[in-house]
Amino acid sequence: MKNFFIFLIFTGFISCNHSLTPEEKQEYSDKGKEIVQASFNALSEKLTEQMKTGGAAKAIPFCNVEALPLTKQLSEKYNVTIKRTSDKLRNQKNKPSERESKIIDSYQKLISEHKEIAPIVEMDSNNNKHFYAPITVKANCLVCHGIVKEFVTVKTDSIIKSLYPNDKAVGYLEGELRGIWSIAFKK
Ligand code: HEC
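Residues numbered from 1 in each chain as written. Predicted model: local features only at pLDDT ≥ 70, side-chain atom pairs only at ≥ 80, totals over all residues. Heavy atoms only, no water.

Undergrad: Which residues make up unusual backbone geometry, and what values do they have?
TA: With phi around 60°, His114 is a residue other than glycine that occupies positive phi space. Checked against the element boundaries, His114 lands in the loop between helix 3 (98-112) and strand 2 (120-123). Look at Asn127: it is not a glycine, yet its phi comes out positive at around 65°. As for its position among the elements, Asn127 is in the loop between strand 2 and strand 3 (129-136). Residue classification places Asn127 among the partly exposed positions, given a relative accessible area of 36%. (Helix = DSSP H or I, 4+ residues; strand = E, 2+ residues; numbered from the N terminus. Buried < 20%, exposed > 50% of the residue type's maximum accessible area, 1.4 Å probe, protein only.)

Put into structure tokens, the structure is as follows:
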């Protein structure tokens, strides 16, 4: 009888342990990286185009209308859900889930300890696979996410505030963590 209970506890542990094999981790890591790269390229290509023809005044309203449809389009292409999220949001529609908030916090902690941050692959309790990768601030992000009056002009800031009255995504320095990519794979 005692052995039977031990057996139950043991199998219980196994069924609660949602782990991926090293091969699966590699597979989803490769796929995740590819999707993130394609999404980044698509977004930055359009952004650069808008910046060239009309500066931030044109690029911001463009992002406001096009950023989410663009990631949605790519989500359909790759049969996944692609999301960009942050602890300091511009668009409330990009709000992090509980798990995503935890991942952002863990990256922030690693950064504060001067440790490396790397993508994460994991499986949730429904056996869905997820890929998370950090998004850091580059020099060319500062016109729209940097310190106001230093990198973000007053005019740009007022355009941002008119579209996103609760914007929290200015004041960043180059190299800081802006947020994460979150890719959810479908079964
Ligand atoms: C021309 C201005 C502009 C530039 C340049 C820009 N962004 Fe943004 N960013 C925006 C706008 C506008 C949004 C809100 C988009 C939306 O409505 O979904 C946004 C949203 C985001 C989000 C989604 C989370 C949130 O807060 O809503 C991330 C992450 C992000 N930007 C990172 C970056 C990074 C990294 C760079 C540089 C490689 C960058 N941005 C350059 C304007 C800009």
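Undergrad: Now, about the site of the ligand: what can you tell me, with residues and values included?
TA: Taken together, 23 residues lie around the ligand, and Arg90, Cys141, Cys144, His145 and Tyr164 are the ones closest in. Arg90 is positioned such that a nitrogen or oxygen atom in its backbone is 2.7 Å from an oxygen atom of the ligand. Note that an oxygen atom of the ligand is positioned 2.7 Å from one of the side-chain N or O atoms of Asn91. Taking a 2 Å distance to the grid points as the criterion, the majority of the atoms of the ligand fall inside the largest pocket. Listing elements by their share of the shell around the ligand, those giving two or more residues are helix 2 (22-78), strand 3 and helix 4 (142-145). Looking at the shell around the ligand, the element that brings in the most residues is helix 2, giving eight residues. Here the shell around the ligand is composed, by residue class, of 13 nonpolar, six polar and four charged. (Near = heavy atom within 4 Å. Polar contact = N/O pair within 3.5 Å; in protein donor to acceptor, adjacent residues only side chain to side chain. 1 Å grid on protein atoms, 1.4 Å probe; cavity = no way out; pocket = protein on both sides within 12 Å on 5 of 7 lines; lining within 4 Å. Sits in = over half its atoms within 2 Å of the grid points. Nonpolar A, V, L, I, M, F, W, Y, C, P; charged D, E, K, R; others polar.)

Undergrad: Outline the nonpolar core, listing residues and values.
TA: Soluble globular proteins tend to pack their nonpolar side chains together in the buried interior. Of all hydrophobic cores here, the largest spans 18 residues; its most connected members are Ile35, Val80, Ile82, Phe131, Trp181, Ile183 and Phe185. Where this core is concerned, the elements lending two or more residues are helix 2, strand 1 (80-85), strand 2, strand 3 and strand 4 (177-185). In terms of residues, this core owes the most to one element, helix 2, which gives seven residues. Those residues within four positions of Phe131 in sequence are excluded, and the remaining contacts are Tyr28, Ser29, Gly32, Lys33, Val36, Pro119, Ile120, Val121, Trp181, Ser182, Ile183 and Phe185. Counting eight residues, the second largest nonpolar core, distinct from the first, contains Ala56, Ile159, Tyr164 and Val170. (Core = buried A, V, L, I, M, F, W, Y, C linked by side-chain atoms within 4.5 Å. Contact = heavy atoms within 4.5 Å.)

Undergrad: Explain the sheet that holds strand 1 to me, and be specific about the residues and the numbers.
TA: Taken together, the four strands give an open sheet; going across it, the order is 1-4-3-2, and neighbouring strands pair in antiparallel fashion. Only two strands of the sheet have a single partner each, and these edge strands are strand 1 and strand 2. Neighbour-to-neighbour, the strand axes of the sheet open up by a mean angle of 20°, direction not taken into account. As paired elements, strand 2 and strand 3 share four bridges and run antiparallel to each other. Across the sheet, Met123 pairs through a bridge with Lys129, a residue of strand 3. Against the sheet, helix 2 touches strand 1, strand 2, strand 3 and strand 4, its axis set at about 50° to strand 1. Along the sheet, helix 3 contacts strand 1, strand 2, strand 3 and strand 4; its crossing angle with strand 4, the most-contacted strand, is approximately 135°. (Pairing = 2+ DSSP bridges. Axes fitted to C-alpha atoms, helices over the stretch in contact; angles between N-to-C directions.)

Undergrad: How would you summarise the layout of surface pockets if you had to cite specific residues and measurements?
TA: Looking at the largest pocket, its volume works out to about 1,300 Å³. In terms of lining, the largest pocket is formed by 43 residues, of which the most central are Leu43, Leu47, Arg84, Ile135 and His145. Counting residues per element, the ones that place at least two in the lining of the largest pocket are helix 2, strand 1, strand 3, helix 4 and strand 4. Top element by residues in the lining of the largest pocket is helix 2. It accounts for 18 residues. Looking at the lining of the largest pocket residue by residue, the class counts come to 21 nonpolar, 14 polar and eight charged. (Points joined across faces, edges and corners; volume = space filled by probe spheres on them.)

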